[in-house]
Amino acid sequence: MATASGLDGWSESVRAVLGLSRTLHARAVVLLNADITSMTPEWIRGLAAPVLKDGGCAFVLPIYERGRYEGTLTQLFVAPLARALFGHQFWHPMADEFGCTGETAEFLLAQDIWTTDLARQGLEFWLPIGVAGGALTVAQSVLGPRVLNPTGPQPPLGSTVGRVAGALFSIAERHEAGWLDVRGSEPVAVLGAPPAPAKRSASVDPKRMIEGFLQGVRDLLPIWERILSPETLGDVLVLSEQATGEFRLTDSLWTRIVYDFLLAYRARVMYRSHIAQSLAPSTWGARPRSCWRRAIAPTPPWPTRWNGWRGPSRRRSPIWWTAGGERSALVQGRCLLRASRAGLPGR
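Residues numbered from 1 in each chain as written. Predicted model: local features only at pLDDT ≥ 70, side-chain atom pairs only at ≥ 80, totals over all residues. Heavy atoms only, no water.

## Examining the overall build of the chain
Test applied: Starting at the N terminus, helices and strands are each numbered in turn, a helix being any DSSP run of H or I of at least four residues and a strand any DSSP run of E of at least two. Think of it in three bands: residues with accessible area under 20% of the maximum for their type are buried, residues over 50% are exposed, and the middle band is partly exposed, with areas taken using a 1.4 Å probe on protein chains only. Contacts are residue-level and defined by heavy atoms, with any inter-residue pair within 4.5 Å sufficient.
Scanning the chain for helices and strands turns up 14 helices and seven strands. Per-residue burial over the chain gives 51% buried out of 347 residues. Pairs at least 24 apart in sequence give 78% of the contacts found in the chain among residues at least 6 apart.

See the structure below:
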């Protein structure tokens, strides 16, 4: 299925395919991006076989082989936030490609999401959360590298981060009843051997990352003053004064930033698009730079397994938040959200 028609066209295409599967009484549905050049026949088998098996999975997500610094936004923001909120340990919580049963297609079609902004701008993020929230069995299948044939100019970074953050924050708001009482997280079944980082690696320019963050502090400070708590904002300003060699956005501070943005999004302290896009300097500048510094340590920064919270290799991993930082900030965020729902002062 091609994506050239844009995000709106993609979500409508997904709905049409699911509707066709209902008409044909299909046992299984597999959706693949037509722009992928690295696809093999094994991809279809990997996504279809688990849902065709008796007593198998209802929904299958792909796991891709990535370079150490590829998929930064997914590794540092999407996967940790989805895990912390909803308790699912997804490697790649985005259904750009997926397989599902006919019954799951019926379930998805029955949801009241298809005419919303979330469906038009973030359907691929909602699909795994929606299915898992419906108590359907989700698994992850190891496919291989995902290489796309560029079909046009890439959107600006701010727009990309804004779309992704806005989608995740909207999902958190839509399904808040499903995550406010979640404690801990559970592994999601992996079919196949989890991949190690590929030898290929995207180029990393730490100096440019820090410059982007510092430029964000200069340009977005009036906006961040309305979004971040005084304590978090103070720590961000201290960070902006650190020398390059000492620069490190800690797990705890990064978590507090994300939850402050989430709460500000829910409270509508300003236009939601402005809130989501103003997260870009932290998401692409400060946080990747800090994780890059840790990733050059001798211990491999890739998780060896998905169960449990602690462990030296996992603590160095760019796709994990440490247990203490994540838990404390999550509790803080939940308390603030509960207070806002009760009409109490959130700050």
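## As for the sheet that holds strand β1 (residues 28-31)
What counts, and what does not: Whether two strands pair depends on DSSP finding at least two bridges between them. Only the contacting stretch of a helix is used when fitting its axis, a line to C-alpha atoms as for every element, and angles between N-to-C directions run 0 to 180 degrees.
Within the open sheet, the five strands sit side by side as β1-β4-β2-β5-β7. Their pairing is mixed. The open sheet has two edge strands, β1 and β7 (189-191), and neither has a second partner. Taking the axes of each pair of neighbouring strands and ignoring which way they run, one obtains an average angle of 25° across the sheet. With respect to the sheet, helix α2 (residues 41-52) is in contact with β1, β2 (59-65), β4 (98-101), β5 (138-145) and β7, its orientation differing from that of β2 by roughly 150°.

## Here's the deal with the pairing of β2
Look at any regular strand and the pattern is simple: side chains alternate between the two faces of the sheet. The element β2 is extensively covered by neighbouring structure, given that six of its seven residues are classed as buried. Relative to β4, β2 runs antiparallel, the two being bridged by two bridges. Bridge pairing links Val-60 to Gly-99 in β4. Of the pairings in the sheet, the one linking β2 to β5 comprises seven bridges and is parallel in character. In the strand pairing of β5, Val-60 is matched with Ala-139.

## Remarks on helix α10 (residues 251-267)
Basically, it comes down to this: The length a helix should cover is 1.5 Å for every residue beyond the first.
Taking 1.5 Å per residue as the helical rise, α10 with its 17 residues ought to reach 24 Å, and the 24 Å between its terminal C-alpha atoms agrees with that figure. Note on α10: the residue one or two positions beyond its end, Arg-268, has a positive phi of about 55°.

## Some thoughts on helix α3 (residues 72-86)
Here α3 is 15 residues long and its end C-alpha atoms lie 21 Å apart, about the 21 Å a rise of 1.5 Å per residue gives. With 15 of 15 residues buried, α3 lies mostly within the body of the structure.

## Concerning the nonpolar core
Put simply, the rule is: Residues enter a nonpolar core if they are buried and are Ala, Val, Leu, Ile, Met, Phe, Trp, Tyr or Cys, with the set joined through side-chain atoms within 4.5 Å.
Core analysis: the largest hydrophobic core is formed by 73 residues, its most contacted members being Leu-18, Phe-59, Phe-77, Phe-169, Trp-224, Phe-261 and Leu-279. In contact with Phe-261, other than residues within four places in its own chain, are Phe-169, Trp-224, Ile-227, Leu-228, Ile-275, Ser-278 and Leu-279. One finds Ile-36, Val-51, Tyr-64 and Ala-139 within the second-largest nonpolar core, a separate group that totals ten residues.

## Here we look at the pattern of salt bridges
To keep it simple, the criterion reads: Any carboxyl oxygen of Asp or Glu within 4 Å of a side-chain nitrogen of Lys or Arg constitutes a salt bridge here.
Across all of its chains, the model carries ten salt bridges by this definition. Across the salt bridge formed by Arg-174 and Asp-112, the nearest N and O atoms sit 2.5 Å from each other. With Arg-174 in helix α6 (residues 157-174) and Asp-112 in the loop between α4 (102-109) and α5 (117-133), the pair connects residues that are 62 residues apart, well separated along the chain. With a closest N to O distance of 3.0 Å, Arg-163 and Glu-124 form a salt bridge. Linking Arg-163 in helix α6 with Glu-124 in helix α5, this pair joins segments that are 39 residues apart in sequence. Linked through salt bridges whose partners overlap, the residues forming this network are Glu-231, Asp-235 and Arg-256.

Note that all results are geometric; they support no functional claim without further evidence.
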